[in-house]
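# Breakdown of the fold
This is what each chain is made of:
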Amino acid sequence: MSHVFPRHTNSELPIAAGGDGCYLIDALGRRYLDCGDAAVSCLGHSNPAVIKAVQGQVEQIAFAHTGFMTSEPAEALADLLVEHAPGELDRVYFVSGGSEATEAAIKLARQYFLEIGQPDRRHVIARRQSYHGNTLGALSAGGNAWRRAQFAPMLIEMTHIAPCYEYAEKPEGESSFDYGQRVANELEAEILRLGSETVMAFMAEPVVGATLGAVPAVEGYFKRIREICDQYGVLLILDEVMCGMGRTGHLFACDHDGIAPDILCIAKGLGAGYQPIGAMMCTAKIFDAIRDGSGFFQHGHTYIGHPVATAAALAVVGEMTQRDLPGRVAIMGEKVQSALVAALGQHPNVGDIRGRGLFRGIELVTDRDTKAPLDPALGVAGKIKKAALAEGLICYPMSGTRDGRLGDHILLAPPFIIEDAQID
Ligand code: PLP
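Rules used throughout
Here, residues in each chain are numbered from 1, in the same order as that chain's written sequence. For this predicted model, a pLDDT threshold of at least 70 governs which residues receive local features, and a threshold of 80 or more governs which side-chain atom pairs are given and counted, while totals over whole chains, interfaces and linings are taken from all residues. These domain boundaries are the output of an automatic or database domain assignment. Our contact criterion uses C-beta atoms placed from the backbone: two residues qualify when those atoms are within 7 Å. Secondary structure elements follow DSSP: runs of H or I of four or more residues count as helices, runs of E of two or more count as strands, with numbering from the N terminus. Ten residue types, Ala, Val, Leu, Ile, Met, Phe, Trp, Tyr, Cys and Pro, are classed as nonpolar, four, Asp, Glu, Lys and Arg, as charged, and the remainder, Gly among them, as polar. Near residues are defined by distance alone, with the backbone-placed C-beta atom required to lie within 6 Å of the molecule or strand. Two strands pair if DSSP finds at least two bridges between them. pLDDT is a residue-level measure of predictor confidence that goes from 0 to 100. Expected helix span is given by 1.5 Å per residue-to-residue step, counting one fewer step than there are residues. Whether a residue is buried, exposed or partly exposed is read from the other C-beta atoms within 10 Å of its own C-beta, which are placed from the backbone; 20 or more gives buried, 12 or fewer gives exposed, and intermediate counts give partly exposed. The directions considered for the arc are those from the helix axis to the C-beta atoms. Only the stretch in contact is used when a helix axis is fitted, and all axes are lines through C-alpha atoms; the angle between N-to-C directions ranges over 0 to 180 degrees. The scheme is simple: roughly parallel for angles under 35 degrees, roughly antiparallel for over 145, roughly perpendicular for 65 to 115, oblique for anything else. In this scheme, a crossing is called left-handed if the near helix is turned counterclockwise away from the far one by less than a right angle; it is called right-handed if the turn is clockwise. Here, a nonpolar core means buried Ala, Val, Leu, Ile, Met, Phe, Trp, Tyr and Cys residues linked by C-beta atoms lying within 7 Å of one another.

### With respect to the domain arrangement of the protein
If you check the domain split of the protein, you get domain 1 (16-47 + 324-423) and domain 2 (52-322). On a C-alpha basis, the centres of domain 1 and domain 2 stand 24 Å from each other. Across the boundary between the two partners, domain 1 contributes 35 residues, which contact 32 residues of domain 2. Among the elements of the structure, helix H11 (325-344), strand E13 (350-356), strand E14 (359-367), strand E17 (396-402) and strand E18 (405-412) are those that each provide at least two residues to the side of domain 1 that touches domain 2. Its residues placed into classes, the side of domain 1 that touches domain 2 shows 17 nonpolar, eleven polar and seven charged.

### Regarding the site of the ligand
Of all residues adjacent to the ligand, which total 15 residues, the nearest are Gly 97, Gly 98, Ser 99, Val 241 and Met 242. If one sorts the elements of the shell around the ligand by residue count, helix H3 (residues 98-115) sits on top with three residues. Residues belonging to the shell around the ligand are distributed by class as follows: six nonpolar, seven polar and two charged.

### A look at the sheet that holds strand E2 (residues 23-26)
With mixed pairing, four strands are arranged side by side in an open sheet as E1-E2-E3-E16. At either margin of the open sheet sits one strand with a lone partner, and together these are strand E1 (16-20) and strand E16 (393-394).

### Topic: the confidence of the model for the protein
Low-pLDDT portions of the prediction should not be read for the details of their coordinates. Within the protein, residue pLDDT values average 95, and 98% of them lie at 70 or more. Both confidence scores are given for the complex: pTM 0.97, ipTM 0.99.

### Concerning helix H1 (residues 48-60)
Here H1 contains 13 residues, and its C-alpha end-to-end distance of 18 Å stays within 8% of the 18 Å for a straight helix at 1.5 Å per residue. For H1, the set of buried residues is Val 50, Ala 53 and Gln 57. Here the buried residues of H1 occupy an arc of 60° about the axis, which is enough to place them on one side. Along H1, the residues that are exposed and aim more than 90 degrees away from the buried face are Pro 48, Lys 52, Gln 55 and Glu 59. Turning to H1, the residues buried within the fold contact helix H2 (72-84) and helix H10 (307-322).

### Description of the packing of H3 against helix H9 (residues 284-291)
Running from N to C, H3 and H9 cross one another at 60°; their axes reach a closest spacing of 9 Å. The angle between the axes of H3 and H9 places the two elements in the oblique class. In the packing of H3 onto H9, the handedness of the crossing is left-handed. Contacts between H3 and H9 involve Leu 108, Gln 111, Tyr 112 and Glu 115 from the first element and Ile 286, Ala 289 and Ile 290 from the second. The class makeup of the residues in the contact of H3 with H9 is five nonpolar, one polar and one charged.

### Considering the nonpolar core
One finds Ala 109, Phe 202, Ile 237, Ala 279, Met 280, Ala 312 and Val 316 to be the most contacted residues of the largest nonpolar core, which totals 129 residues. Tallying contributions element by element places H10 first for this core, with ten residues. In terms of domain composition, this core takes at least three residues from each of domain 1 (16-47 + 324-423) and domain 2 (52-322).

Structural data, given as structure tokens:
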């Protein structure tokens, strides 16, 4: 009997024993095309440059606490990220994963306003269909009703506005642009309702992942969001934990929207699964306020800036930038989209096929005209996950929330090295 406490307590899982490019291999030798282990494995499973970097680093120095020392890979990785980052992002705070990155972002926003003498700024506004992580602060920001439900009495009060979800929520007759402006303006209304001097940040995923299934915003939405944040002095936090690091065809997903945040969270693809690592990036304005104020960010974890994790991520980002993998993602993403539309576009239970780059979502419906979601009691997402695994495919089916109900969709996030034959 296993003593591991698995998340799905009643499932018998295969043992992951090997990796070969886009494939995971279990202990019985079965191969699985890895298109969705939560959008982590962007370089596949046996990248020689990353393996070498991890081996070299662990031989040199495994750990040095960041309260005492920095390390060469952490410094080099921060330089590389800032070199490619959008806007004025200038400092990188390394963490071990996505929830730590968003949690740190919320705390940084709060501390920034304390340092500049605006202690009344305490409210975070986020969006109803969103996921920002599972620690209590990050879960409070997220709007996924199912994930929040059990912990509701323990969550921090944060308010949620509509997401930009054109397929399900744009009324017929309204243009995409007008719809995007209208839902973005909900942010302004919420800031005014709370009192603009009390709002510290707005948090959103540029392409919504785990809650909606690869839903990008319509053109102009994030530009309007940026304008509203600037007008009211509210920090814009973008959560690119799932959609960032090349996944959408740009190294940073917000590049597509033509805006830059004040704080950016990344994880998953940053370490590409070779090491657990995430990061929170911020502008010099925010960093300087702390450096010139208290001189101490009142937040931290033991493993921040871990040398082996940053060495792995340095090699990952090196691979992405030197081989222009985001460019490849854009091309292969269009192929995945066309293949999905050709195979499933007319299926009576497929309502929408969408996404950006190698981040694709298939929304399942009862009726294509009404777009009504599937009955959650059918548990279709879970059945698809199981059936796909039996066929040698790892995808990421999920139950999302729509109009307060659960709806099913399938997320596909193949490695950036995927080939035509594998797409077929
Ligand atoms: N933010 C987003 C957008 C995510 O998709 C996730 C995880 O799926 C997280 C945050 C949390 O990341 P982690 O699971 O690494 O804590």
